[in-house]
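What the coordinates show
Listed here are the chains, written in short residue letters.
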Amino acid sequence: MNLARHSISSTVPVLIFDARFDPDCRIFTTSTQAGFAVYRTWPLQLLRKREITGGTLSAVVPLHTSSLLFLVGGGRSPRYPPNKVILWDDALAQEVAELEFREKVRGLACRRGWLAVALRRRVVVFQVGETVVRFREWDTCDNPRGLLAIATAAYSTLLAIPGRQMGHIQLVHLPPCPPPQPIGPPSPTPPPRPPPAPTKHPVSIIAAHTTALSTLSVPPSGRLLATTSARGTLIRIWDTNTGKLVRELRRGTDKAEIYGVAFRPDEREVCVWSDKGTVHVFALTSGSGASNRQSTFSPLTPFIPLPKYFESEWSYAQYRIPSQSAHISLSAQPAKPPTADVVDEEKCVVGWIQISPEDQDEPGRTHAVEYQLIALTYTGGWYRLALPSSPSSNTSHPASTSSSASTRAGTPSLREPLSASPPSMRTVRPRSGSGSSFGIRSDKGKEREREKEKPGRECILREYRRFGRWDGWG
């Protein structure tokens, strides 16, 4: 009788080193141990893939929807030296240029004709055309995350980079971004005109936080700027023309690492995601049809000197990314070798898509343009999330609530049924004193954070798929 221990696992886990959207969220790129691929964001479709031997990539940055990609080597066995940026033309399937620096490349941002490279203490900008020309560089404070953000809309000029002091932002204005070249027959709508020149010189420095920055984000127009700090509890929205604080939003009360912030294309809402595994959605204007939640005592703040916490605005909608490791194991999981690449389950990247009325194929009903979220996890999960249909303004909530970890799966649309079920959110405590156990990764502090996060309306899961596998690519 064979009583050997065996592990039960449905598939080999997917390891994604990098996933990012293009500025318009029409496509996204991924890099894995086998190479990189380009997908259409929605409907999810593999557009092209490239197998790369001899190493891995830490970043694959698309230049809008063109064939030009910027590659950076990384991981335990980099394909390229980490101090180089490779310009890859996917139409030619080859490298066309490379940029070499004296130190490791920390971050990249690009728009039509321009590339910004973040190093540890400076940002270098290049003009990309028939040749690559160094334009200018700026000094920054210590920037190990490689933070920078660039506006990508036609005629936009903004480049946001860390300042020379911790928590400060430099606002740099580059030459206007050229509009995209028209493809096919001429459009009946006239092209957008350049905006009028500013009447006064825009601000150049914003003292955003007193601690180190964790993210920088701008919408395509560059009119607004979102900043977060290492504390990870507040998101601050700034006006880039005046330098004034527009909104201050609260993610939660516990410390967290915020991975990113994304503006809705019409700049009426913003979404935030962190290592807590939750995507938060905030309203920025009353025209979005939603209202952020506030404390019961917020109406008293003009009359009573209450702490600033009671003036906080909380997200009106949330979604928890399910854990990918919720599967049963009849034995303890084998230890990973020291050279294995490890991907954080909770890490993800989120972008906005626009659903046109033609895509909502429901007879007898008329639809307005709808904005939805696409969440990509670093374990290969693709989630299409709809916002609550009729969000209401919740101005009061209890100080302590139960866990909001349950995930609500809404009814799929008639045109696109759910192709698979996302991983279960249920967690099982491992039994002690027994030879068998359940292979669940411990979430340190996350259950406590779920109890402290104020409950909001749940986003609706419309579609779940898998991506990033070389044996079929999802």
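Structural data are supplied above this passage.
Just so it is clear, the model here is predicted, and its values are computed rather than measured.

Scoring rules and cut-offs
Every chain is numbered on its own, with residues counted from 1 as its sequence reads. Reporting in this predicted model follows two pLDDT cut-offs: at least 70 for local features of residues, and 80 or more for side-chain atom pairs to be given and counted; totals over whole chains, interfaces and linings ignore these cut-offs and use all residues. Working from all heavy atoms in the structure, the side-chain values ignore hydrogens and water. Here a helix means four or more residues in a row that DSSP labels H or I, a strand means two or more in a row labelled E, and each is numbered from the N terminus. For the exposure calls, accessible area comes from a 1.4 Å probe over protein chains only, and a residue counts as buried if that area is under 20% of its type's maximum, exposed if over 50%, partly exposed in between. The contact definition used throughout considers only heavy atoms, calling two residues in contact when any of these lie within 4.5 Å. Accessible surface is estimated by sampling points in the Shrake-Rupley manner with a 1.4 Å probe; for residues, cover comes only from the protein chains shown. Strands pair, by our definition, only if DSSP identifies at least two bridges between them. Fitted lines through C-alpha atoms serve as axes, helices being fitted only where they are in contact, and the angles separating the N-to-C directions of these axes extend from 0 to 180 degrees. Polar contact is defined as a pair of N or O atoms within 3.5 Å, subject to the rule that within protein one atom must be able to donate a hydrogen and the other to accept it, and that residues adjacent in sequence are counted only when both atoms are side-chain atoms. Stacked, tilted and edge-to-face are the three classes applied to pairs of Phe, Tyr and Trp rings, where Trp contributes its six-membered ring and a pair requires centres within 6.5 Å; stacked means planes under 30 degrees apart, edge-to-face means over 60, and tilted covers the rest. Put simply, a disulfide is two cysteine sulfurs that come within 2.5 Å.

Once that is clear, we can look at the overall build of the protein chain. When helices and strands are counted, the protein chain shows 1 helix and 31 strands. Across the 474 residues of the protein chain, 48% fall into the buried class. Across the protein chain, contacts joining residues at least 24 apart in sequence account for 56% of those joining residues at least 6 apart. Roughly 23600 Å² of accessible area belongs to the protein chain as shown, and the carbon and sulfur atoms make up 52% of that amount.

The subject of this paragraph is the sheet that holds strand β11 (residues 122–128). Taken in spatial order, the 4 strands of this open sheet run β9-β10-β11-β12, and their pairing is antiparallel. Each of the sheet's edge strands pairs with one partner strand only, and the pair in question is β9 (107–111) and β12 (132–139). For this sheet the average axis-to-axis angle between neighbouring strands, irrespective of direction, equals 20 degrees. Pairing of β11 with β12, which is carried by 7 bridges, proceeds in the antiparallel orientation.

Our next topic: the side chain of S312. Relative to the helices and strands, S312 resides in the loop between β24 (293–294) and β25 (313–314). One polar contact links S312 to R250, side chain to side chain, over a distance of 2.9 Å. When near neighbours in sequence (up to four residues on either side) are disregarded, S312 contacts R250, R293, Q294 and S295.

Let's shift gears to the packing of aromatic side chains. Summed over all chains, the structure comprises 9 aromatic pairs. Plain terms: the ring middles of F21 and F28 are 5.9 Å apart, the flat faces sit at 65 degrees to each other, and that makes the pair edge-to-face. Since its relative accessible area comes to 0%, F28 is described here as buried. Judged by centre distance (4.9 Å) and plane angle (55 degrees), the rings of Y383 and Y464 are tilted.

Evaluation of the coordinates by the stated rule reveals 0 disulfides. Residue C348 stays outside any disulfide, its sulfur separated by 9.2 Å from that of C271, the closest cysteine. With no disulfide of its own, C459 has C271 as its nearest cysteine by sulfur position, at a separation of 9.1 Å. A residue is classified by how much of its surface remains accessible, and C459, at 0% relative accessible area, is buried.

This paragraph deals with unusual backbone geometry. A cis amide bond, omega -10 degrees, links W42 with the succeeding residue P43. You will see that H64, though not glycine, has its phi angle at about 55 degrees, which is positive. Looking at the secondary structure, you find H64 in the loop between β5 (57–62) and β6 (68–73). When its relative accessible area of 7% is taken as the criterion, H64 is described as buried. A positive phi angle, near 65 degrees, is found at E267, a position not held by glycine. Mapped onto the fold, E267 is located in the loop between β21 (258–263) and β22 (269–274).

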